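Chain residues, written in single-letter form:
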Amino acid sequence: MPRRLLHVSGVRAWVVSFGLLFAISALFIANRALLNQRQAPVALTLLMVVLFGSVLGGRALGLAIALGGFLIINYFFQFPYFDIAVHDPADWLVLVTFVVTADVASRLLARAQRQTAAAQRRAAEVQRLADLGAETLAAGTSVQALQAVADVVATTLHLDWCELWDVAADGAARRVAASPPAPAAESTAVDPALLARLRESASTAARQGADERARAFDEILAAAPTDALVPLSAHDRAVGALRLRRSRPLALDESERTFLQALAHYAALGVERARLAADVRRAELEREAERARDFLFATVSHDLRTPLTTIKALAHERARDGDASALVIEEQADRLTRMVTDLLDLSRARAGALPLAPELNTAEDVVGATLRHAAGALRGRAVETRLDDAGGALVGHFDFVATLRILGNLIENAAKYSPATEPIRLEVVRDGGALVFTVADRGPGIPAEERERVFVPFHRAPGAAPDVGGTGLGLAVARALAEAQRGTVTYTPAEGGSVFTLRLPASDDALALEIIAGAS
């Protein structure tokens, strides 16, 4: 139907233009005596008809009218009249000048029309991009923004189907938008052949630079496919693919390709935004779960302390009466009490509500107290200590009881995993503004992928022996207590063992150092 209307419009332009040509020519023929053989008024007037015809029907119609005007001037207005032959060479000049001028004018007009049409197309593209940007910014969620991009691509390029795919670094792919929307049964299913194409597209884009991706974009569309995958990259990282499907080949002109490139950039940013939104939601859920877990730990720990105290008191009474099993009950009650205390302190530290009293203390005092406190857990295990004050006085500003628990947990952890015949090393040095405590053992070490997970509550490495004991809270509590004092607890692999390092703020208080030196 549109082609038929265009054809009728073209015929009408030819009819109107030639009708005007004949009407003006008839007017001049009727008043030929007044012209006194002057051809310039006729030529200039017919030249205007040529321009008029070029505007209506293009350059071909303009040339046809120019040739018609050439014949009319020659036949009706050059002496002798009603004769095609040109007898005066000057008349040839008039006729040739008319035709050349008409041709040049029609060419210039046609070029101006093409430039105007191109400018209008570019303005329309800019407007569509602006509309898309406004829709994207106004979209309530990242999913809605991606759907807006898919709809604009499908509508602008007259596609049968447009899909946006998020392809992760591990090759996992999921459809994040489709226009028209995919049926529910197909929303999660991925064809294996398509999955392979998506992975190959993302893998190739990840290895390419910006110029290579631009060339690959042109190569993909140069073949005019019916099912094309356009890689999506944001900030030089491959994030997915834009799938274009159409029953007829995708033969896009330059403006459509430019528009598609801009839309692909929008789509890549949208996929990246969706990923960030998913990460934020996941982090929020994890924080909510962590807060709920900490609240549960704090509540249960608080409620357990009273019955445990009662159990221990009753067991102590039975032990004084000579009941041998009472000692076992008392030991297990102490063990449960330590676990409850760890849970309570861990939840308080995460909530920023741990009661601490940082003050000036010496490394020597806290190390001595730690060894005495851990003597029962060590059961005669040797601990080699070294306090090196070459870097400065081993004095820090920290909570004595919390630091005692940190070092105790680190030493108990070393005793669990190192051979009984190997000593544990505890060293203290001054490193600038920090006191550095290191606890080294000769155990099996920790795999690279587990080195941060060991600080997660209740986590136990997959290869850990089942008889090592403990609840998996010691290292988590140690790190939480250190961070509450503006310190850190970290793990460092060592040849034939592990090294855990505690860093706490050191002190340079001159008066305090003099008092401590005098006391020693």
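Residues numbered from 1 in each chain as written. Predicted model: local features only at pLDDT ≥ 70, side-chain atom pairs only at ≥ 80, totals over all residues. Heavy atoms only, no water.

### Considering the sheet that holds strand 6 (residues 383-388)
Part 1 of the argument: The strand order 6-8-9-11-10 describes an open sheet built from five strands, whose pairing is mixed. Looking at strand neighbours, the two that pair on one side only are strand 6 and strand 10 (488-494), the edges of this open sheet. Ignoring strand direction, the axes of neighbouring strands in this sheet form an average angle of 20 degrees.
Part 2 of the argument: Helix 11 (residues 363-373) contacts strand 6, strand 8 (424-431) and strand 9 (434-441) of the sheet and is inclined by roughly 175 degrees relative to strand 6.
Part 3 of the argument: Where helix 13 (residues 400-417) meets the sheet, its contacts fall on strand 8, strand 9, strand 10 and strand 11 (497-505), and the angle it forms with strand 11 comes to roughly 175 degrees. (Pairing = 2+ DSSP bridges. Helix = DSSP H or I, 4+ residues; strand = E, 2+ residues; numbered from the N terminus. Axes fitted to C-alpha atoms, helices over the stretch in contact; angles between N-to-C directions. Contact = heavy atoms within 4.5 Å.)

### With respect to helix 10 (residues 325-350)
Part 1 of the argument: Between the first and last C-alpha of helix 10 there are 38 Å, a value that for 26 residues agrees with the 38 Å anticipated at 1.5 Å per step.
Part 2 of the argument: For helix 10, the set of buried residues is Ala326, Glu330, Ala333, Val340, Asp342, Leu343, Leu344, Asp345, Leu346, Ser347 and Ala349.
Part 3 of the argument: Phi turns positive one or two residues past the end of helix 10, at Gly352, with a value near 70 degrees. (Expected span 1.5 Å × (residues − 1). Buried < 20%, exposed > 50% of the residue type's maximum accessible area, 1.4 Å probe, protein only.)

### Observations regarding the environment of Arg291
Part 1 of the argument: Within the secondary structure, Arg291 sits in helix 9 (residues 254-320).
Part 2 of the argument: With relative accessibility at 47%, the residue Arg291 sits in the partly exposed group.
Part 3 of the argument: Remark: the alpha-carbon pair of Arg291 and Arg350, spanning 59 residues in sequence, is separated by 8.7 Å.

### Observations concerning the confidence of the model for the protein chain
Part 1 of the argument: Model confidence for the protein chain is summarised by a mean pLDDT of 79, while 84% of its residues fall at 70 or above.
Part 2 of the argument: Mean pLDDT values for the elements of the protein chain range from 57 in helix 15 (residues 510-519) up to 94 in strand 9. (pLDDT = per-residue confidence, 0-100.)

### Notes on the side chain of Thr156
Part 1 of the argument: Along the polypeptide, Thr156 turns up in helix 6 (residues 142-156).
Part 2 of the argument: Here Val152 takes part through its backbone oxygen, which lies 2.7 Å from a polar atom of the side chain of Thr156. (Polar contact = N/O pair within 3.5 Å; in protein donor to acceptor, adjacent residues only side chain to side chain.)

### Some thoughts on a nonpolar patch on the surface
Part 1 of the argument: Side chains of Val16, Leu20, Phe52 and Leu56 sit close together on the surface and give an oily, nonpolar patch of about 300 Å² of accessible area.
Part 2 of the argument: Looking at the nonpolar patch, the elements with two or more residues in it are helix 1 (2-30) and helix 3 (40-57).
Part 3 of the argument: Relative to the assigned elements, Val16 resides in helix 1. (Patch = residues over 30% accessible without salt bridge, like charges linked within 9 Å, V, L, I, M, F, W, Y side chains within 5 Å. Areas by Shrake-Rupley, 256 points an atom, 1.4 Å probe, with all protein chains shown as cover. Salt bridge = Lys/Arg side-chain N within 4 Å of Asp/Glu carboxyl O.)

### Describing the packing of aromatic side chains
The geometry of an aromatic ring pair is captured by the separation of the ring centres together with the interplanar angle, meaning the angle of the planes.
Part 1 of the argument: Under the definition given, this model contains four aromatic pairs.
Part 2 of the argument: Ring centres of Phe455 and Phe500 lie 6.2 Å apart, and the angle between their planes is 75 degrees; on these two criteria the pair is classed as edge-to-face. Here Phe500 lies in strand 11 and Phe455 lies in the loop between strand 9 and helix 14 (474-483), a separation of 45 residues in the sequence. As far as the burial class goes, Phe455 and Phe500 line up, both buried.
Part 3 of the argument: Grouped by ring-pair contacts, the aromatic residues Trp14, Phe18 and Phe22 constitute a single cluster.
Part 4 of the argument: Over the face of the ring belonging to Phe455 we find Arg479, whose NZ or CZ atom lies 3.8 Å from the ring centre. (Phe/Tyr/Trp six-rings, centres within 6.5 Å; stacked < 30°, edge-to-face > 60°. Lys NZ or Arg CZ within 6 Å of the ring centre and 35° of its normal.)

### Re the sheet that holds strand 1 (residues 161-167)
Part 1 of the argument: Spatial ordering of the open sheet is given by 2-1-4-3, a layout of four strands whose pairing is antiparallel. Taken across any chain shown, the strands that pair with only one partner, and hence form the sheet edges, are strand 2 (173-179) and strand 3 (227-234). The average angle at which neighbouring strand axes cross in this sheet is 25 degrees, direction not considered.
Part 2 of the argument: Inspection of the sheet shows strand 1 paired to strand 4 (residues 237-245) by six bridges, in the antiparallel sense. Each bridged residue has a counterpart across the sheet, and for Cys162 the counterpart in strand 4 is Leu244.
Part 3 of the argument: Across the sheet, helix 6 lies against strand 1, strand 2 and strand 4, angled at about 55 degrees from strand 2, the strand it touches most.

### Quick word on the pattern of salt bridges
Part 1 of the argument: Taken as a whole and assessed by the stated rule, the structure comprises 13 salt bridges.
Part 2 of the argument: We note a salt bridge from Asp166 to Arg275, for which the minimum N-O separation is 2.7 Å. Within this pair, whereas Asp166 is found in strand 1, its partner Arg275 is found in helix 9, the two being separated by 109 residues in sequence.
Part 3 of the argument: Of the residues examined, Asp166 reaches a relative accessible area of 7% and is grouped as buried.
Part 4 of the argument: Note that Arg243 and Asp227 form a salt bridge whose closest N and O atoms lie 2.8 Å from each other. With Arg243 in strand 4 and Asp227 in strand 3, this pair connects stretches of sequence that are 16 residues apart.

### A short note on the UniProt feature "transmembrane region" (unreviewed entry) in the protein chain
Part 1 of the argument: Here, UniProt's "transmembrane region" (unreviewed entry) annotation points to residues 12-30 and 42-72.
Part 2 of the argument: Across residues 12-30 one finds 100% helix and 0% strand; the C-alpha atoms that close the span lie 27 Å apart.
Part 3 of the argument: Within the segment residues 42-72, helix and strand shares are 97% and 0% respectively, and the terminal C-alpha atoms sit 10 Å apart. (UniProt positions renumbered as here; feature names shortened; annotations may be inferred.)

### A short note on the pairing of strand 10
Part 1 of the argument: Examined bridge by bridge, strand 10 and strand 11 share seven bridges and lie antiparallel to one another. Across the sheet, the residue bridging to Val489 is Leu502, located in strand 11.

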